[in-house]
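Topology and contacts: notes
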Amino acid sequence: GIMDDENNKASYSGKQVEVKGPEPFMLIRRQGLTTGVVQQASITTTDQGQTITFNKTVYTVEHQCKKKSKAEEFASCKVYLVGNGNGNNIKQWLGDTLENGDSDFNETISVSWAGDIDRDGKIDLIIEKSRYNNSDTVLLLSSAAKAGKHVHEVAKLSRQGCWYWSDV
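Only a predicted model underlies this, so the values are computations on that prediction, with no experimental measurement involved.

Cut-offs applied
- Residues numbered from 1 in each chain as written.
- Predicted model: local features only at pLDDT ≥ 70, side-chain atom pairs only at ≥ 80, totals over all residues.
- Heavy atoms only, no water.
- Salt bridge = Lys/Arg side-chain N within 4 Å of Asp/Glu carboxyl O.
- Helix = DSSP H or I, 4+ residues; strand = E, 2+ residues; numbered from the N terminus.
- Buried < 20%, exposed > 50% of the residue type's maximum accessible area, 1.4 Å probe, protein only.
- Contact = heavy atoms within 4.5 Å.
- Polar contact = N/O pair within 3.5 Å; in protein donor to acceptor, adjacent residues only side chain to side chain.

Side note on the pattern of salt bridges
- Per the stated rule, a full pass over the model turns up 2 salt bridges.
- Taking the shortest distance from any N to any O, the salt bridge between lysine 78 and aspartate 96 comes out at 3.1 Å. On the criterion of sequence distance, the pair formed by lysine 78 in strand S5 (residues 75-85) and aspartate 96 in strand S6 (residues 88-99) is long-range, its members being 18 residues apart.
- Residue class for lysine 78 comes out partly exposed when judged on its relative accessible area of 37%.
- A salt bridge links glutamate 128 to arginine 159, with the shortest nitrogen-to-oxygen separation between them at 3.4 Å. With a gap of 31 residues between them, glutamate 128 in strand S8 (residues 124-131) and arginine 159 in strand S10 (residues 152-160) connect regions that are remote in the sequence.
- A residue is classified by how much of its surface remains accessible, and glutamate 128, at 24% relative accessible area, is partly exposed.

Printed below as a string of structure tokens:
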């Protein structure tokens, strides 16, 4: 937790979790998942978006934005995961964003991890959705996806906080 006091473990906001062996990338408890090695995809990020390569299949994360007028500060965009899953070229909506270069007020969606968490041979994602001082880490699994979709949201961790800068 953010405000946990090392000297007062009784006040901790969460549970202490220890895992023997190498430091884990993530700990997930969900029915249908088992412990073990997880196959990971390759993610390449460029100015045009993200490309994910998994099991010889290439997926792209596409930001399709409406052209903004001079009066608008942000472009309204839709974000899609596009790929040839199950022999079909599927274009799945991941969410809406508001984008304007390096503004602190952007609403963004990006893939932070891709691979096969549920071990069904299909792509699974962990995405980050952020806006101003709020962010969500979202787990999307292929085993929960409906027909015509790559993945479906099964878990989300939401965080909110304020940043401030101080000269020391």
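Having seen it, we continue.
Details of the environment of alanine 145
- Turning to its location among the elements, alanine 145 is positioned in the loop between strand S9 (134-141) and S10.
- Discounting residues that sit within four places of it in the chain, alanine 145 has contacts with His150, Val151 and His152.

A word on the side chain of glutamine 92
- For glutamine 92, the position within the fold is in strand S6.
- Residue glutamine 92 is classed as buried on the basis of its relative accessible area of 7%.
- One polar contact links the side chain of glutamine 92 to the main-chain amide nitrogen of histidine 150, over a distance of 2.7 Å.

Observations concerning the side chain of serine 135
- With respect to the helices and strands, serine 135 occurs in strand S9.
- Not counting chain neighbours up to four residues away, the residues in contact with serine 135 comprise Lys129, Ser130, Leu157, Ser158 and Arg159.

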